[in-house]
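Residue-level structural notes
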Amino acid sequence: MVTIDEFNEIIQQVYDRDYILVSPHDLYTTNSDGSVENKPLELPEGKKPLVLSFDDLSYYEYMEGDGFADRLVLEGDEVLHEYTDANGETHTGDYDFVSLLDKFVEENPDFSHNGAKGVVALTGYNGIFGYRTSDLAYAETNDDIAQDKETAQDIADAMKDNGWEFATHSWGHINYTSSPLSFIQEDHKKWQREVEPLIGETDLLIYPFGADIAGVEDYGGEKFSYLNDQGVNAFFGIDTSVPAWGQLEPDYLRQARINVDGISLKNAIEGKSETVSEFFDPASVLDEQRPDTISGTS
């Protein structure tokens with residue numbers, strides 16, 4: 001997690017260093033036979049491509065009362081955030097990354113290539129966007145589940161119209177490394193049944209925990225074959241050791257992500273990792289409200 005102030009400062013510094021937002025789909029083309037190939041990427045001179053991705057836009061039950069936004073809401077065609085403050089008062093505004101990034105790109109349109117914003121990775125077990133849309137979890141307890149599904153679908157459509165994309169993050173936030181194929185299959189069917197109808201089809205998979213199905217070697221085996229047969233063409237793990245890492249093979253695109261959160265900020269400030277310094281100055285973005293145990297300043 002990062003705070004609102006940290007997010008705004010990070011995005012500003014990334015922009016100042018001449019990065020530009022691109023979609024993963026700017027990087028590859030999927031052919032009629034399911035194979036993928038490199039797509040030439042032409043950017044303004046001096047710009048460096050960056051894919052932004054965000055996990056778990058569900059506002060899980062465990063987050064309630066901890067200072068997070070409650071859910072996404074639509075005002076006209078604008079996606080905003082509903083937030084309940086410490087006094088129990090509800091506010092609507094820019095309280096999370098969706099509307100914060102939308103506003104930044106609106107003010108700095110050259111930060112986005114062809115309107116790209118970011119990729120949002122969704123699970124399903126607590127619903128999506130702060131709405132308890134899962135029949136498996138809430139069919140008997142949420143009397144408004146039908147309306148919640150309709151609202152969530154409207155929000156997803158509005159986000160897609162505004163340059164956002166979605167990825168599967170599994171239904172139950174599972175570990176793809178340790179889970180057997182049968183468990184992955186069962187989980188993916190839940191995601192297809194409960195999340196895909198709300199946000200549309202996607203060929204992007206962002207691994208929960210960064211738990212990849214392979215090491216640096218090329219993909220193969222039954223897990224990859226199943227996911228690829230289900231239409232997954234792009235796979236995203238985590239590697240904070242270098243600013244960029246990826247593979248492009250005939251069957252898939254694979255890229256590493258760099259987590260930006262309290263842990264990575266702490267490691268950067270303590271000199272344990274230099275990777276995020278490629279994109280921004282970790283010490284200068286740090287929110288002074290962070291406790292020393294997290295901030296890396298103690």
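Attention here is on the structure that accompanies the text. Just so we're clear, the structure is a prediction, and the values are computed from it rather than from any experiment.

1. A closer look at the sheet that holds strand β7 (residues 78–84)
An order of β6-β7-β8 is seen for the 3 strands of this open sheet, with the pairing classed as antiparallel. In this open sheet, the two edge strands, each paired with only one partner strand, are β6 (71–75) and β8 (90–93). The sheet shows a mean angle of 35 degrees between the axes of neighbouring strands, direction not considered. Inspection of the sheet shows β6 paired to β7 by 5 bridges, in the antiparallel sense. Among the inter-strand pairings, Arg 71 is bridged to a residue of β7, identified as Glu 82. In this fold helix α2 (residues 97–107) packs onto β6, β7 and β8, with an angle of close to 135 degrees to the strand it touches most, β7.

2. Examining the environment of Gly 124
Relative to the elements of secondary structure, Gly 124 occurs in the loop between β9 (119–122) and α3 (135–138). On the basis of relative accessibility, which here comes to 3%, the residue Gly 124 falls in the buried class. In this structure the C-alpha to C-alpha distance between Gly 124 and His 173, which are 49 residues apart in sequence, comes to 8.4 Å.

3. A few points about the packing of aromatic side chains
According to the stated counting rule, one finds 21 aromatic pairs in the structure shown. Taking 4.8 Å as the distance between ring centres and 45 degrees as the angle between the ring planes, the aromatic pair formed by Tyr 219 and Tyr 252 counts as tilted. With a gap of 33 residues between them, Tyr 219 in the loop between β11 (204–206) and α7 (221–229) and Tyr 252 in strand β14 (residues 252–257) connect regions that are remote in the sequence. Using a relative accessible area of 10% as the deciding quantity, one classes Tyr 219 as buried. One aromatic cluster in this structure is built from Tyr 176, Tyr 207, Tyr 219, Phe 224, Phe 235 and Tyr 252. Positioned above the aromatic ring of Tyr 19 is the side chain of Lys 48, whose terminal nitrogen or guanidinium carbon lies 4.4 Å from the ring centre.

4. Here we look at the layout of surface pockets
In this model, the second largest pocket occupies a volume close to 220 Å³. Lining the second largest pocket are 16 residues, with Met 63, Glu 64, Gly 65, Phe 68 and Asp 70 sitting closest to its centre. Its residues assigned to classes, the lining of the second largest pocket shows 7 nonpolar, 4 polar and 5 charged.

Cut-offs applied
- Residues numbered from 1 in each chain as written.
- Predicted model: local features only at pLDDT ≥ 70, side-chain atom pairs only at ≥ 80, totals over all residues.
- Heavy atoms only, no water.
- Pairing = 2+ DSSP bridges.
- Helix = DSSP H or I, 4+ residues; strand = E, 2+ residues; numbered from the N terminus.
- Axes fitted to C-alpha atoms, helices over the stretch in contact; angles between N-to-C directions.
- Contact = heavy atoms within 4.5 Å.
- Buried < 20%, exposed > 50% of the residue type's maximum accessible area, 1.4 Å probe, protein only.
- Phe/Tyr/Trp six-rings, centres within 6.5 Å; stacked < 30°, edge-to-face > 60°.
- Lys NZ or Arg CZ within 6 Å of the ring centre and 35° of its normal.
- 1 Å grid on protein atoms, 1.4 Å probe; cavity = no way out; pocket = protein on both sides within 12 Å on 5 of 7 lines; lining within 4 Å.
- Points joined across faces, edges and corners; volume = space filled by probe spheres on them.
- Nonpolar A, V, L, I, M, F, W, Y, C, P; charged D, E, K, R; others polar.

Function-wise, these values are silent; they only describe arrangement.
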